[in-house]
Amino acid sequence: MDREEIYKKLSAVCASKKELYSTLRSLPLDVVGDVLLHIPDEYSELKDALPTMATELVQTNWTGSSGYTLLLQSSAFVRAVSSSYIALTGKTLENVNILDFGCGWGRLIRLMYKFSPPEKIYGCDPWDKSIDTCLENKVAGNLALSDYLPEELPFPGVKFDFIYSFSVFTHLSERACNKALKACRKAISPDGIMAITVRPKSYWDYHVDTMDKVDREKMKSDHETVGFAHTGHYHRVMEDGDILYGDTSISVDYISRNWKDWEVVGTDVFLQDPFQTVVLLKPKF
Ligand SMILES: C[S@@+](CC[C@H](N)C(=O)[O-])C[C@H]1O[C@@H](n2cnc3c(N)ncnc32)[C@H](O)[C@@H]1O
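Rules used throughout
Residues numbered from 1 in each chain as written. Predicted model: local features only at pLDDT ≥ 70, side-chain atom pairs only at ≥ 80, totals over all residues. Helix = DSSP H or I, 4+ residues; strand = E, 2+ residues; numbered from the N terminus. Rg over C-alpha atoms; globule rule 2.2 N^0.38 Å. Buried ≥ 20, exposed ≤ 12 C-beta atoms within 10 Å, placed from the backbone. Contact = placed C-beta atoms within 7 Å. Near = placed C-beta within 6 Å. Nonpolar A, V, L, I, M, F, W, Y, C, P; charged D, E, K, R; others polar. Pairing = 2+ DSSP bridges. Axes fitted to C-alpha atoms, helices over the stretch in contact; angles between N-to-C directions. Domains from an automatic or database assignment. Right-handed = clockwise from strand over helix to strand, strands pointing away. Left-handed = near helix turned anticlockwise from the far one by under 90°.

Undergrad: With reference to specific residues and values, describe the overall build of the chain.
TA: Broken down by element type, the chain carries 12 helices and 11 strands. Computed over the C-alpha atoms, the radius of gyration of the chain is 19 Å, within 12% of the 19 Å expected from 2.2 N^0.38 for a compact globule of 285 residues. The principal-axis extent of the C-alpha atoms belonging to the chain is close to 60 × 45 × 35 Å. For the chain, the residues scored as buried account for 40% of the 285 residues in total. Contacts in the chain between residues far apart in sequence, at least 24 positions, make up 61% of those at least 6 positions apart.

Undergrad: Could you give an account of the site of the ligand, with specific residues and numbers?
TA: In the neighbourhood of the ligand, 22 residues make up the surrounding shell, with Gly102, Gly104, Arg107, Trp127 and Phe166 lying closest. Classifying every residue of the shell around the ligand by side-chain character gives 14 nonpolar, 6 polar and 2 charged.

Undergrad: I'd like to hear about the environment of Lys284, residue by residue, with values.
TA: Structurally, Lys284 can be placed in the segment after β11 (277-283). The spacing of Lys284 and Lys47 is 237 residues in sequence and 44 Å in space, taken between C-alpha atoms. Apart from the residues lying within four places of it in its own chain, the contact partners of Lys284 are Asp261, Trp262 and Glu263.

Undergrad: Tell me about the sheet that holds strand β4 (residues 160-165), residues and numbers included.
TA: Consider a sheet: its strands pair through backbone hydrogen bonds, and that pairing is either parallel or antiparallel. On the basis of which strands lie adjacent, the open sheet formed by 7 strands has the order β3-β2-β1-β4-β5-β11-β10 and mixed pairing. With one partner strand each, in any of the chains shown, β3 (142-145) and β10 (262-268) form the two edges of the open sheet. Strand-to-strand, the axes of this sheet are offset by a mean angle of 20 degrees, without reference to chain direction. Of the strand pairs in this sheet, β4 and strand β5 (residues 188-198) are connected by 5 bridges, and their pairing is parallel. In the strand pairing of β5, Tyr164 is matched with Ala195. Strands β4, β5, β10 and β11 of the sheet are contacted by helix α6 (residues 67-89), whose axis makes an angle of about 145 degrees with β5. Against the sheet, helix α8 (residues 128-136) contacts β2 (121-125) and β3, and its axis sits at roughly 155 degrees relative to β3.

Undergrad: Which residues make up the domain arrangement of the chain, and what values go with them?
TA: Taken domain by domain, the chain holds domain 1 (3-49) and domain 2 (56-283). With 9 residues of domain 1 at the contact, the number on the domain 2 side is 12 residues. If one sorts the elements of the side of domain 1 that touches domain 2 by residue count, helix α3 (residues 29-37) sits on top with 6 residues. Split by residue class, the side of domain 1 that touches domain 2 holds 6 nonpolar, 1 polar and 2 charged.

Undergrad: Can you tell me about the environment of Val269, naming the residues and giving the values?
TA: Looking at where Val269 falls in the secondary structure, it is placed in the loop between β10 and β11. Exposure remark for Val269: the 13 C-beta atoms within 10 Å place this residue in the partly exposed category. Counting along the chain gives 148 residues from Val269 to Ile121, while the straight-line C-alpha distance between them is 25 Å. Setting aside residues up to four positions removed in sequence, Val269 forms contacts with Pro274 and Thr277.

Undergrad: I'd like to hear about unusual backbone geometry, residue by residue, with values.
TA: Phi is positive for Asn95, close to 65 degrees, though the residue is something other than glycine. Take Asn95: there are 13 C-beta atoms within 10 Å of it, and that puts it in the partly exposed class. Not every positive phi belongs to a glycine, and Lys138 is a case in point at roughly 60 degrees. Residue Lys138 is classed as exposed on the basis of its 12 C-beta neighbours within 10 Å.

Undergrad: Help me get a handle on the pairing of β2, residues and values and all.
TA: Summarising burial for β2: 5 of the 5 residues are buried, a large majority. Judged by which residues are buried, β2 turns out to be covered on both faces: Ile121, Gly123 and Asp125 on one side and Tyr122 and Cys124 on the other are all buried. Sheet topology note: the β2/β3 ladder contains 4 bridges and is parallel. For Gly123, the partnering residue across the bridge sits in β3 and is Leu143. The handedness of the β2 to β3 crossover, carried by α8, is right-handed.

Undergrad: Just give me the short version of the packing of α3 against α6, but keep the residues and values in it.
TA: A pair of packed helices can be characterised by two numbers: the angle between their axes and the separation between those axes. Packing of α3 against α6 brings their axes to within 10 Å, and their N-to-C directions diverge by 145 degrees. At the point where α3 passes α6, the crossing takes the right-handed sense. Packed against α3, whose contacting residues are Leu29, Asp30, Gly33 and Leu37, the element α6 presents Leu71, Ser74, Ser75, Val78 and Arg79 at the interface. In the contact of α3 with α6, the residues fall into 4 nonpolar, 3 polar and 2 charged.

Undergrad: With reference to specific residues and values, describe the pairing of strand β1 (residues 98-101).
TA: Side chains Ile98 and Asp100 of β1 all project onto a buried face; the interleaved residues Leu99 and Phe101 project onto the opposite face, where all are buried too. The pairing of β1 with β2 spans 4 bridges and is classified as parallel. Each residue of the ladder has a partner; that of Ile98, found in β2, is Ile121. Bridging between β1 and β4 involves 3 bridges; their strand directions are parallel. Its bridge partner being in β4, Asp100 is matched across the sheet by Tyr164.

If you want it as structure tokens, here you go:
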């Protein structure tokens, strides 16, 4: 990869957003991620035209790592779900309506520029700081604040071909999961795919509990017997005495038994982020 050549190629078309994003889509996935990680100051017009990177602190606090380490994890997830999407639907992710549910600072939305133009990319998150950070960094796409217990998604009338939700169901309470699933179910196309990540039981052996103490054995036992183990972060959003956000592990068997509106059509694991098991879901009719 010759970075200079790529910056020049993109700079030549950056006066037109349409052409710029179309040129970005012609590049390999990892190159799209690489370009958006750092654009040298000498390409100032290109820098102005594309999203900037969230600060090191935001990346680490929200997603556990930053820079290249994080990009390799992000890109492994996107590769995994884009190939699963092809295998399950016979179509590529190109030019389809994509939703990032719980988009955070926009880390994965940036990689979706490989597939669809920004006007077909959507991101929502119930935390105002997430959406504000996306906007501050000029993340392109349709961004909106959602509810912690949503009835509907904040994009009336839009049907999604692909919804993904990374490291969100790994945190939600059972009540918040159910509400999120219902809202996504209403907005997914009949032949759409939803990819979420969940944590396996072994997560609890590695859980860092400096902030919130947790009974690891109880969590493992809940995972084994119920299939769903959750501990709320005491400082997080509450609704009628319920803490909606914390740490959660969910078994695939629990999903098959309890999420009646969805069918589990695949699972995947990638070693770059071994505690994020991908579960692929199709709407059931
Ligand atoms: C660990 S971060 C992951 C962010 C992003 N998905 C990523 O992988 O970079 C969890 C995100 O879930 C969001 N979140 C919290 N409660 C939620 C809910 N009930 N529905 C959707 N997202 C929620 C948080 O605001 C936060 O942005």
